[in-house]
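# Working through the structure, step by step
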Amino acid sequence: MEEKPSKKLRWYDRQPVVSKSVSLLENFPPEYQAALGETIIELAEKHCSAKDLMNNLRSLGPEKVLSIFKSKSKQRKTDNVQQMHQAMNYMLILPDEDRAYIAGQIIEVVGHVFEYFKHCKDQGVSPTALVVGELCGAYIRREFGTLQDFLAQLEAQNASTAEPAATAASNPAAGTHAFSSTGQAIEIAPAQNQSANRSDEGSQGEHDTRIAQDNKDMKIKLDKFDL
């Protein structure tokens, strides 16, 4: 006779693939969790009708309704990022089969993000949340093939932003982003902000150092993903 899962288990620990996906998400710094959370939201709404389920909580049963109510206290590690808070609630209310499907999607896209991180490490550059967001968007649209193809597409975007960058001086309010050949996002600042940008170089360096430290900490967690 098959044993029933212990009621003491957290809802996402009752399915190994879901537990693994949540563990991976918890390892990311908040600036990356936003893009990953948005990925879950869009996939869950598109493939699992999560928005309709959330709008009809009474059909889900008292246990899930109570869990949604408790989630408002935001005690989970991922609750400090709004996109992740909504994404985890979507995961919670889904039927087991749909939840496992979304968990598999999470593991797959996280694998691509980790591959990007490793690429940045090899190239000696810092990964950016902007590029992770672009990567997640390509994955949602089913336009992500390989990391090399993705970076080549970013390079093409870089070429397309050359003209807006050249006209930034004539449009002081404008700012744009380009991507280096390594996939690192570069913000092209408005002309009148150049001096301000120089004064911010020190603080930006501290930010890059923190990101690098965060990713160094994450490297320890890669064992969970078998990379």
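Here the residue numbers are simple positions, counted from 1 along each chain's written sequence. A pLDDT threshold of at least 70 governs which residues receive local features in this predicted model, and a stricter bar of 80 or more applies before side-chain atom pairs are shown or counted, although totals over entire chains, interfaces and linings include all residues. As a convention, hydrogens and water are excluded, and side-chain values are obtained from all of the structure's heavy atoms.

### What to know about the overall build of the chain
Elements are defined by DSSP. Helices are runs of H or I of four residues or more, strands are runs of E of two residues or more, and each kind is numbered from the N terminus. A tally of regular secondary structure across the chain gives eleven helices and two strands. Secondary structure elements of the chain, listed N to C terminal, follow the sequence α-α-α-α-α-α-α-α-α-β-β-α-α. When each of the 227 residues of the chain is scored for burial, the buried share is 39%. Long-range contacts, defined here as pairs at least 24 residues apart, represent 66% of the contacts in the chain between residues at least 6 apart. Entry remark: accessible area of the chain is about 13,100 Å², with carbon and sulfur atoms responsible for 50%. Relative accessibility under 20% of the residue-type maximum defines a buried residue, over 50% an exposed one, and the middle range a partly exposed one, all with a 1.4 Å probe and only protein chains included. The criterion used for residue contact is that any of the two residues' heavy atoms lie within 4.5 Å. In this description, accessible areas are obtained by the Shrake-Rupley approach with a 1.4 Å probe, and a residue is regarded as covered only by the protein chains that are shown.

### Some words on the packing of helix α6 (residues 96-123) against helix α7 (residues 129-140)
Across the interface, α6 lies against α7 with an axial gap of 10 Å and an inter-helix angle of 140°. Regarding the angle of α6 to α7, the classification is oblique. For α6 against α7, the interelement crossing comes out right-handed. For the pair α6 and α7, contact is made by Q105, E108, V109, H112, V113, Y116 and F117 and by V131, V132, L135, C136 and Y139, respectively. All axes are obtained by fitting lines to C-alpha atoms, using only the stretch in contact for helices, and the reported angles, taken between N-to-C directions, cover 0 to 180 degrees. Note on terminology: angles under 35 degrees are roughly parallel, angles over 145 are roughly antiparallel, angles of 65 to 115 are roughly perpendicular, and the others are oblique. In this scheme the handedness of a crossing depends on how the near helix is turned from the far one: anticlockwise by less than a right angle means left-handed, clockwise means right-handed.

### Remarks on the nonpolar core
We define a nonpolar core as any set of buried Ala, Val, Leu, Ile, Met, Phe, Trp, Tyr and Cys residues linked to one another through side-chain atoms lying within 4.5 Å. I102, V110 and F150 are the most contacted members of the largest nonpolar core, which has 49 residues in total. For this core, the secondary-structure elements that each account for two or more residues are α1 (16-26), α2 (30-48), α5 (82-93), α6, α7 and α8 (147-160).

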